[in-house]
Amino acid sequence: MQLHCLGTAGYHPNEHRHTSCYAVPEAGVVLDAGTGMFRLAPLIETDQVDILLSHAHLDHVVGLTFLLATLYQRPVEVVRIWGKRQKLDAIRTHLFAEDLFPVPLEVQWCALEDGPPELLGKPQVRWFSLEHPGGSVGYRIDWPGHSLAYVSDTVADPIADYVSTIRGVNLLLHECNFRDDQTQWAEKTGHSWTSRVASVAQMAQVRQLVLTHLNPLENGDDPVGIDSARQLFPQTQIAADKMVLEF
Ligand SMILES: [Zn+2]
Ligand SMILES: [Zn+2]
């Protein structure tokens, strides 16, 4: 299966990256809805699209307001948006307040508290709570022979509860907003730093680690100090916009 990276920055876009959005087109799955959402339309292969939200911070949801254009370009029968109930309510009340966005969207809002997402092809989907200001959730999706986990945003910790849930996945997408010399900032803002994320991948014995939610102020080729991750977990790479990952 293939995962397309539509937006790989945290917080705000920069010249090279849009904010968090990933798609598995053959499964009709989208992970988060940052500014990278504008790239989704030509990738849609299914008549049902399920958007799984980690939380409601703007860098993960503002692209929901682009859906009107997405569905104009590529109409689909069903669009469902999954997340914790409180986050969905906040998005509908605030992001889709009439003064901010006047056109109603034809989508279904599905609270995770009512049951795990039922996706096309019926893969097993598990969601789990993550430590982050206001709370966020991660996801693990298992198809026959293929599995991925999406962990964003949180303070990575190899002894956190979520590590056992993501054990052994083919592909771990984990936020890594900060370098190892910025741990104070990471803890203050509820984010991860490089070597800690690698420790999580090592502990969870995943097959490959892809670092996401990269700091938009880091414009170079190596926004995270990749060597400190690879020392602990060699199968680590840095996500890039438009990258396609096999898993
Ligand atoms: Zn974020
Ligand atoms: Zn956040």
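Going along each chain's sequence as written, the residues are numbered from 1 onward. By the order in which they are written, chains take letters starting at A while ligands take numbers starting at 1. Reporting of local features is limited, given that this is a predicted model, to residues whose pLDDT is at least 70; pairs of side-chain atoms are given and counted only at 80 or more, and all residues count toward the totals for whole chains, interfaces and linings. Note: side-chain values were computed over all heavy atoms of the structure, leaving out hydrogens and water.

1. Notes on helix α3 (residues 85-95)
- The complete set of buried residues in α3 reads K87, L88, I91 and L95. Projected onto a plane normal to the axis of α3, the buried residues spread over an arc of 100 degrees and lie on a single side. More than 90 degrees from the buried face of α3, the exposed residues found are Q86 and H94.
- When checking whether two residues touch, look at their non-hydrogen atoms; a contact exists if any pair is within 4.5 Å. Helix numbers and strand numbers start at the N terminus; a helix is a DSSP run of H or I with at least 4 residues, a strand a run of E with at least 2. On its buried side, α3 packs onto α1 (58-61), β5 (78-83) and β6 (108-111). Exposed residues in this analysis have more than 50% of their type's maximum accessible area, buried residues have under 20%, and partly exposed residues fall in between, with area computed by a 1.4 Å probe over protein chains only. Directions are taken from the helix axis to each C-beta atom, and the arc is the one they span.

2. Quick word on the sheet that holds strand β8 (residues 136-143)
- Spatial strand order, β7-β8-β9-β10-β11-β12: six strands in an open sheet with mixed pairing. The two strands at the open ends of the sheet, each matched to only one other strand, are β7 (124-130) and β12 (236-238). Along the sheet, successive strands turn relative to each other by an average axial angle of 15 degrees, direction set aside.
- Between any two strands, pairing holds if DSSP finds at least two bridges. The pairing of strand β11 (residues 208-212) with β12 spans three bridges and is parallel. Pairing of V210 across the sheet is with Q237, part of β12.
- Think of each axis as a best-fit line through the C-alpha atoms, taken over the contacting stretch in the case of a helix, with angles from 0 to 180 degrees between the N-to-C directions. On top of the sheet, helix α6 (residues 194-204) reaches β10 (171-175) and β11; it is set at about 155 degrees to β10, its chief contact.

3. Here's the deal with the pattern of salt bridges
- Salt bridges are counted wherever a side-chain nitrogen of Lys or Arg sits within 4 Å of a carboxyl oxygen of Asp or Glu. Tallied over the full model, the rule gives seven salt bridges.
- In this structure, the salt-bridge partner of R74 is D47, at a minimum N-O distance of 3.4 Å. Of this pair, R74 sits in the loop between α2 (67-73) and β5 while D47 sits in the loop between β3 (29-31) and β4 (48-52), placing them 27 residues apart in sequence.
- We classify R74 as partly exposed; its relative accessible area is 22%.
- When the shortest N-O distance is used, the salt bridge between R140 and D142 registers 2.7 Å. In terms of burial, R140 and D142 fall into one category: buried.

4. Topic: the coordination of the zinc ion (ligand 2)
- Coordination partners: N, O, S within 2.8 Å of the metal, 3.2 Å for Na, K and Ca; water not considered, so apparent gaps in a site are possible. The zinc ion (ligand 2) binds to the protein through H55 (NE2), H57 (ND1), H132 (NE2) and D153 (OD), with metal-donor distances spanning 2.1 to 2.4 Å.
- Under the classification used here, a metal with four donors is tetrahedral if each angle lies between 85 and 135 degrees, square planar if opposite donors are over 155 degrees apart and the others between 65 and 115, a six-donor metal meeting that same test is octahedral, and anything else is irregular. Taken together, the four donor atoms coordinating the zinc ion (ligand 2) span angles of 90 to 169 degrees at the metal, a pattern that classifies the geometry as irregular.
- For the zinc ion (ligand 2), the single-chain donor residues occur in sequence as H-x1-H-x74-H-x20-D.

5. Brief notes about the nonpolar core
- Among buried residues, those of type Ala, Val, Leu, Ile, Met, Phe, Trp, Tyr and Cys that are joined through side-chain atoms within 4.5 Å constitute a nonpolar core. Of all hydrophobic cores here, the largest spans 26 residues; its most connected members are L3, V24, L31, W143 and L173.
- Residue assignment for this core shows that the elements contributing at least two residues are β1 (2-7), β2 (21-24), β3, β8, β9 (146-151) and β10.
- Top contributing element to this core by residue count: β8, with four residues.
- Not counting chain neighbours up to four residues away, the residues in contact with W143 comprise M1, V24, A27, V29, P123, L148 and F247.

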